[in-house]
Amino acid sequence: AYIGPDQIAMSSEIGEYFVEKLGGSANVAIIDGTPGTTQYLLRMEGLESVFAENPGMNIIAHDYCMGDRAEAITMAENFLTTYGEELDAIYCPAGDNSAVGIAQTLHDAGRGDILVGSNDGMAEAFKLINAGYAYVTALQKPQFQIDKLEEVAEQIFAGNTIENRTQHSRFVILSSENISSESPEY
């Protein structure tokens, strides 16, 4: 069985958070990881499905940083220059490593109002959320996968057939509203 978080569901929930916090109307830039990577494609699928149901949510730019924080920061700076006050949010399917740098750069540029969303739940993301940054992340601890692995292994060892080969571990969307309910993994 495959055991891991549901990438589409994670990014859908982040998309729903964007819709709620931005009033259903916003211009969003995407700073993605490596083109063609399955998890990033699934994350975009989830976000785009939510935006398709909310026509006021517009993706105005989409670029790839290959997971490199410095490159992601440069892209964010370019998006700020290009879109200025029109830019409301940035989503980083590549994860917190890139997004944390982006959020810090936006804050330093006086644009801490731009909502940044990502995946992973790194300790640096927790620090930003606790410091009041406009940041949301999907926490996907390895422990969540271990818990699901134990559950599936018990079923297999008991002789049960696993009907669904894809077994999704839990994840938690973290923002300022619930940051104290979890702790970072790394």
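In this text the structure is predicted, and so the values were computed from the model without any measurement. (Residues numbered from 1 in each chain as written. Predicted model: local features only at pLDDT ≥ 70, side-chain atom pairs only at ≥ 80, totals over all residues. Heavy atoms only, no water.)

## A look at helix α1 (residues 7-21)
Because an α-helix packs 3.6 residues into every turn, residues spaced three or four apart end up facing the same way. For α1, which comprises 15 residues, the first-to-last C-alpha distance of 21 Å matches the rise-based estimate of 21 Å (1.5 Å per residue) to within 8%. Along α1, the positions that sit buried rather than exposed are Q7, M10, S11, S12, I14, G15, Y17, F18 and V19. Its side-chain oxygen 3.1 Å from the backbone nitrogen of I8, D6 forms the N-cap of α1. Residue G23 follows α1 closely and has a positive phi angle near 70 degrees. (Helix = DSSP H or I, 4+ residues; strand = E, 2+ residues; numbered from the N terminus. Expected span 1.5 Å × (residues − 1). Buried < 20%, exposed > 50% of the residue type's maximum accessible area, 1.4 Å probe, protein only. Polar contact = N/O pair within 3.5 Å; in protein donor to acceptor, adjacent residues only side chain to side chain.)

## A short note on the confidence of the model for the protein
Residues of the protein with pLDDT of at least 70 account for 99%, and the chain-wide mean is 94. Ranking the elements of the protein by mean pLDDT puts strand β1 (residues 2-5) last with 90 and strand β4 (residues 89-91) first with 98. (pLDDT = per-residue confidence, 0-100.)

## With respect to unusual backbone geometry
In the Ramachandran plot, M66 falls in the positive-phi region, its phi being about 60 degrees despite a non-glycine side chain. Tracing the backbone through its elements, the reader meets M66 in the loop between β3 (57-64) and α3 (69-83). Residue classification places M66 among the exposed residues on the basis of a relative accessible area of 53%. Phi angles above zero are rare outside glycine, and D120 is one such case at about 130 degrees. Note on D120: relative accessible area 16%, which makes it buried.

## Observations regarding the side chain of N119
In this fold, N119 is placed in strand β5 (residues 115-120). Residue class for N119 comes out buried when judged on its relative accessible area of 0%. Within the structure, the side chain of N119 is placed 3.0 Å from the side chain of Y91, a separation counted as a polar contact. Filtering out sequence-adjacent residues up to four positions away, N119 remains in contact with M10, I14, R43, Y91, C92, P93, G95, D96, T137, A138 and Q140. (Contact = heavy atoms within 4.5 Å.)

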